[in-house]
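# Reading the structure
Now for the letters of each chain:
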Amino acid sequence: MVILTGLVLTLGFFASSQSELVLDALKFPTPESAQKVWSPSAGGLPVQTRAVGSRSGLQLPFDLTGNQPRAYWDRELSVDLSRSDRFSFWFYLDDPAKASPTWNLYFRSGKGWYGSTFAVEKGWNHVKLSKSQFTTEETPAGWKQIDGVRIGVWKAQSAATFAMIDDLRAHSSSVAVISGKGAESEAKTFDLVLGGIGLDFGGLDESDIESGALAGRAVAIFPNNPDLTEKQVDKVIEFIQAGGKVMVCYVAPPRLLSAIGVKQVTWKRQDFPGQFAQIDLAQAALQGLPQSVKQASWNTNVVLPEGHDAKTIGDWKSLDGKPADVPALILSKEGAYLSHVLLGDDVAGKQQLMLALLGNFSPSVWPTAASRALETAGTIGTYRSLAEANEAMRASSRPGVKGALDNANNLYRQAQTAAAKKEYATAVKLATQAHSAFVDTYCLSQAPKTGEVRAVWCHAADGIEGRSWEESMKGLEDNGFTMVAPNMLWGGRAYYPSKVLPVDESVATKGDQIALCLAAAKRHNMQVHVWKVNWNLLNAPKSFLSQMRSEGRTQKDPNGKDIDWLCPSHPLNFELERESMLEVARNYAVDGLHFDYIRYPGSDGCYCEGCHKRFEAEYQVQVKEWPADVLRGEHRAKFLTFRQANITRLVKAVSEQARKIRPGISISAAVFPDWPQCKETIGQDWVTWVKQGYVDFVCPMNYTKSTTQYGVWMDSQTQALGGSKAYVPGLGADLGTVMSSDQVVSQILLTRKANSKGFILFNLSEALLRDVLPSLRLGVSAKK
């Protein structure tokens, strides 16, 4: 057991100091000495020592050409990380085509783990992980009792290669985001926003507060923390009294709100969609405050400033700019309060807002922020320097590019001048404008491609909240898109007058959503491919779910626990799924049917008694130990084939019969990106569907911001499909937080290199329609 006592360094961007704890310098004199400390997983390869380029560290060799699903390496240590809020290390990936660019870092605590994923590019990467990015597995004993660390990777390709890790450290930062139970996503939104500013920050658990983890920091941010204990509130108030500043969002105990000058009056749900769509800000109140910030909230706390020199500096406005007469942001001498959770739309605006608030708490923030803004102004698309971006865009023959590029460079030079004069807030503003101009120029420099599919998924059956289908379709057409896949039915719910599935209550008031969508689409030359969430009963009426359970039609995990999905091997479920999709083809002039969740929920499903009997009957075997013998025993291979066949037969049946009902209809499916692993884990053999002609195209859900990860997935997918054009990759443009336009464009360009049929974006939202699609219209989706 190695006990770490730590090393304290002064690094602060605020007046207070930060501390660093070297968890492992990862410098060993010999491979043997490293192997005494770091142990591989069962059957794995031992660590080595190596130097690559300017760095040396621990080499992590692995061979995943066999049946090994993952590789990992462990070391023992004993350390209190309750004050630490982020971790950093250097990580080298030798060949992303042979190993997943997404890895895991775990800390063991008692009988559980804290784990986080991280994505890397080829070569050396400096990785920084906030503690709020970690999730729990099993029952960890707390960050105060860490007794081990693990680095690992899951199999992505059948290949052998290596990675390296160097200089693993824990940090205690001046700004801490406090995660609460059930509000982890809100903390991660702050990670996204603060990470773009370039200031050091980290995350803490609410439980860390009790051990004094706030002491010595400058700012504590509470993204949504209704369950703070009295003792924790006492500690936060002590922190404020010692000079610390606090930002609170949405819900917190009244005592904490009072300590920063806020009085809650009531809670208010929106009276109509889009009532709380933006925050109008009093720019004169703070240096660097933007004029407004987009924030598509659906409810808010109604609050008033009370004491501590508190004042309202932001008010809610509706989508059409009308005042909602409700305060949104209050500032006091002790901190600030936002009356809803911080959402992931308008990330650039949120970064300006947070920088203005942090700059008000400590003006020393501004030089660091200005340096970061200048450094990142030209990092757009796949370019990693301003010089590289300029050279590439000047080579474009598209009209208007050179003038737009000159304007962007002029703004950048003005930002440099302002920084040199120590006018940091002005420098940040100009550098931000320059970055936006460079992004627009990058988008403008790309050419459209004739005849490609330009599609969006729409998860809401009635389209974008606050907009009609007519408005949404017009927006898509104006931005050069050709297809929409709206989610109109699930395993136990339909948003049209179905005779097969339970009908959602909204149909009585809002109408038949398929009919409304089709009518609007026809007026705007849009194809409609109706999307079904197969098998999944998570939003089914309780009575329907109870009926399915009582009839033995839902799934069971290996321990016999219920999974609220229909069992794919059950004959009546097969008929229900098939007939619900064919009903759409019979009754509506749709362009296509689109499968989703056309799989098992994971390796845990399904092991019900029905599967037991049907498997034995189909394969003429007797399973002595159920489910052990199919999980890892002699019948495992046959059972995996059984699962795949249960899914494939539905795709085949719907495809064959829908094409008879409506000749020319297109059949497609949203599928997992990790071929061939998805065959084993979820029973999804989508390559066979393409090769047998059951589908006209598949849409692998390649949801990542990492260009490397996106490219790795596409390489394996196109290789598996053998060059087939039945391929429309899916991009995660809006997964709660919106990808920047240049990131979306970069991934679209990769899809074109793969000779795909086109691309599809998740998900049609107000933010996507407002902030991303107009940028695509400048180039990749421009109308000729």
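This report concerns the structure included in the present document. Model, not experiment: these values are computed from the prediction. Position labels on residues start from 1 in each chain and follow its written sequence. Only residues with pLDDT of at least 70 are given local features in this predicted model, and only at 80 or more are side-chain atom pairs given and counted; all residues enter the totals for whole chains, interfaces and linings. Here the side-chain values reflect all heavy atoms present in the structure, with hydrogen atoms and water set aside.

### A closer look at the pairing of strand 28 (residues 592-596)
Partly exposed residues are those whose accessible area sits between 20% and 50% of the maximum for their type, while under 20% is buried and over 50% is exposed, using a 1.4 Å probe and protein chains only. In this description a helix means any DSSP run of H or I spanning at least four residues, a strand means any run of E spanning at least two, and both kinds are numbered starting from the N terminus. Of all 5 residues making up strand 28, 5 are buried, and the element is well covered by its neighbours. If DSSP finds at least two bridges between two strands, the strands pair. Relative to strand 28, strand 25 (residues 527-533) runs parallel, the two being bridged by 5 bridges. Looking across to strand 28, one finds that histidine 529 is bridged to glycine 592. Two elements, strand 28 and strand 29 (residues 666-671), share 4 bridges in a ladder whose sense is parallel. By the bridge assignment, leucine 593 is partnered in strand 29 with isoleucine 667.

### Things to note about the sheet that holds strand 21 (residues 323-331)
The strand order across the open sheet built from 9 strands is 13-12-14-15-22-21-20-17-18, with neighbouring strands paired in mixed fashion. Looking at strand neighbours, the two that pair on one side only are strand 13 (202-205) and strand 18 (292-297), the edges of this open sheet. On average, each strand axis in the sheet is tilted by 25° relative to the strand beside it, whichever way the strands run. As paired strands, strand 17 (residues 276-281) and strand 18 are joined by 4 bridges and run antiparallel to one another. Note on strand 18: the bridge partner recorded for aspartate 280 is serine 292. A contact between two residues is defined here by any heavy atoms of the two lying within 4.5 Å. Axis geometry follows a simple rule: fit a line to the C-alpha atoms, using only the stretch in contact for helices, then measure angles between N-to-C directions, giving values from 0 to 180 degrees. Across the sheet, helix 6 (residues 347-361) is in contact with strand 12 (175-179), strand 14 (219-222), strand 15 (245-249), strand 17, strand 18, strand 21 and strand 22 (335-338); its angle to strand 18 comes to roughly 115°.

### Considering the environment of glutamine 743
For glutamine 743, the location among the structural elements is in helix 22 (residues 741-753). A C-alpha to C-alpha distance of 22 Å links glutamine 743 and leucine 199, two positions 544 residues apart in sequence.

### Let's talk about the pairing of strand 5 (residues 70-79)
A large share of strand 5 lies buried, amounting to 8 of its 10 residues. Note: strand 2 (residues 38-40) against strand 5, 3 bridges, orientation antiparallel. Opposite serine 39, over in strand 5, you have aspartate 74 as the bridge partner.

### Some thoughts on the environment of lysine 188
Looking at the element boundaries, lysine 188 is found in helix 2 (residues 184-197). For lysine 188, a relative accessible area of 36% puts it in the partly exposed group. Between the C-alpha atom of lysine 188 and that of alanine 420, which follows or precedes it by 232 residues, the distance is 34 Å. Setting aside anything within four residues of it in sequence, one finds lysine 188 in contact with Ser132, Gln133 and Thr135.

### Looking at unusual backbone geometry
That bond from tryptophan 626 to proline 627 is cis: its omega, 5°, falls within 30 degrees of zero. Mapped onto the fold, proline 627 is located in the loop between helix 16 (609-619) and helix 17 (628-631). A cis amide bond links tryptophan 675 with the next residue in sequence, proline 676, at an omega value of 0°. Of note, tyrosine 597 is a non-glycine position whose phi angle comes to about 55°, a positive value. Its place among the elements puts tyrosine 597 in the loop between strand 28 and helix 16. One non-glycine residue with positive phi stands out, namely glutamine 620, at about 50°. Among the secondary structure elements, glutamine 620 is positioned in the loop between helix 16 and helix 17. What makes glutamine 620 exposed here is its relative accessible area of 69%.

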